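Breakdown of the fold
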Amino acid sequence: MENIIGKIEKSSPPHKHKRYEITVFTEGSGIFCCEKLQAKLTPGKIFIIPPNIEHQVFQAENSSRLYIYSEFNNSLNFTTPVVLPLNPENEGQILAEMIFNNRYGNSEYVSSLINAFVFFLLQNIKAENEINTAIKEIIHMISENFFWLRIKPLWNFE
């Protein structure tokens, strides 16, 4: 599996790739745009862009992002872009910077770092999806029972 790893410090016109692109915004500000998503760029934000999705990035001056193009088909299975916010420990950005800084080094080491990065992404996406599912279930329960809650409260303060 060939990995293409790099750094971009300018805006990019509309384009798409034949492979997955994982981009980590490292400094500055900007906007990520594609047909189904528009998101603010802030340091630490991670974008997973599936193959053949046209996208564009507008970056402010002194902004940069790291990217990895690779065949992640065995690990990732998305049809639309995914955005992960900065996690408190900033692990995603740290892993991306380690991959970038070692891109010309030992290929087995770089592959191991990329695998750790993908595992990190999948763990954070899973947690985010579980939280969203729980929130949707709570909203559904409230919506279904709202009428009964208004007529007969579950508690009495008197």
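In case you missed it, the structure is sitting above this.
Residues numbered from 1 in each chain as written. Predicted model: local features only at pLDDT ≥ 70, side-chain atom pairs only at ≥ 80, totals over all residues. Heavy atoms only, no water.

**What to know about the overall build of the protein**
- Across its full length, the protein holds two helices and nine strands.
- Starting at the N terminus and walking to the C terminus, you meet the elements of the protein as β-β-β-β-β-β-β-β-β-α-α.
- Considering only intrachain contacts with a sequence separation of at least 6, the fraction spanning at least 24 residues in the protein is 77%. (Helix = DSSP H or I, 4+ residues; strand = E, 2+ residues; numbered from the N terminus. Contact = heavy atoms within 4.5 Å.)

**A short note on the sheet that holds strand β5 (residues 37–41)**
- Across the sheet, four strands lie side by side as β2-β7-β4-β5; this open sheet has antiparallel pairing. Both outer strands of the open sheet, β2 (12–15) and β5, are each paired with one neighbouring strand and no more. Between one strand axis and the next, the sheet turns through 10 degrees on average, direction left out of account. (Pairing = 2+ DSSP bridges. Axes fitted to C-alpha atoms, helices over the stretch in contact; angles between N-to-C directions.)

**With respect to the packing of aromatic side chains**
- Taken as a whole and assessed by the stated rule, the structure comprises three aromatic pairs.
- The interplanar angle of 70 degrees and the centroid separation of 6.5 Å between the aromatic rings of Tyr 20 and Phe 72 together place this pair among those described as edge-to-face. Residue Tyr 20 is located in strand β3 (residues 20–27), and its partner Phe 72 is located in the loop between β8 (64–70) and β9 (82–84); the two are separated by 52 residues in the primary sequence.
- Overall, the relative accessible area of 4% leaves Tyr 20 in the buried class. (Phe/Tyr/Trp six-rings, centres within 6.5 Å; stacked < 30°, edge-to-face > 60°. Buried < 20%, exposed > 50% of the residue type's maximum accessible area, 1.4 Å probe, protein only.)

**Things to note about helix α1 (residues 91–101)**
- Among the residues making up α1, those that are buried are Gly 92, Gln 93, Leu 95, Ala 96, Ile 99 and Phe 100. End-on view of α1: buried residues confined to an arc of 160 degrees, all on one side of the axis. (Arc of directions from axis to C-beta.)

**Examining a nonpolar patch on the surface**
- A cluster of nonpolar side chains, Ile 94, Met 98 and Tyr 109, forms an exposed patch at the surface whose accessible area comes to about 250 Å².
- Looking at the element boundaries, Tyr 109 is found in helix α2 (residues 107–151).
- We classify Tyr 109 as partly exposed; its relative accessible area is 38%. (Patch = residues over 30% accessible without salt bridge, like charges linked within 9 Å, V, L, I, M, F, W, Y side chains within 5 Å. Areas by Shrake-Rupley, 256 points an atom, 1.4 Å probe, with all protein chains shown as cover. Salt bridge = Lys/Arg side-chain N within 4 Å of Asp/Glu carboxyl O.)

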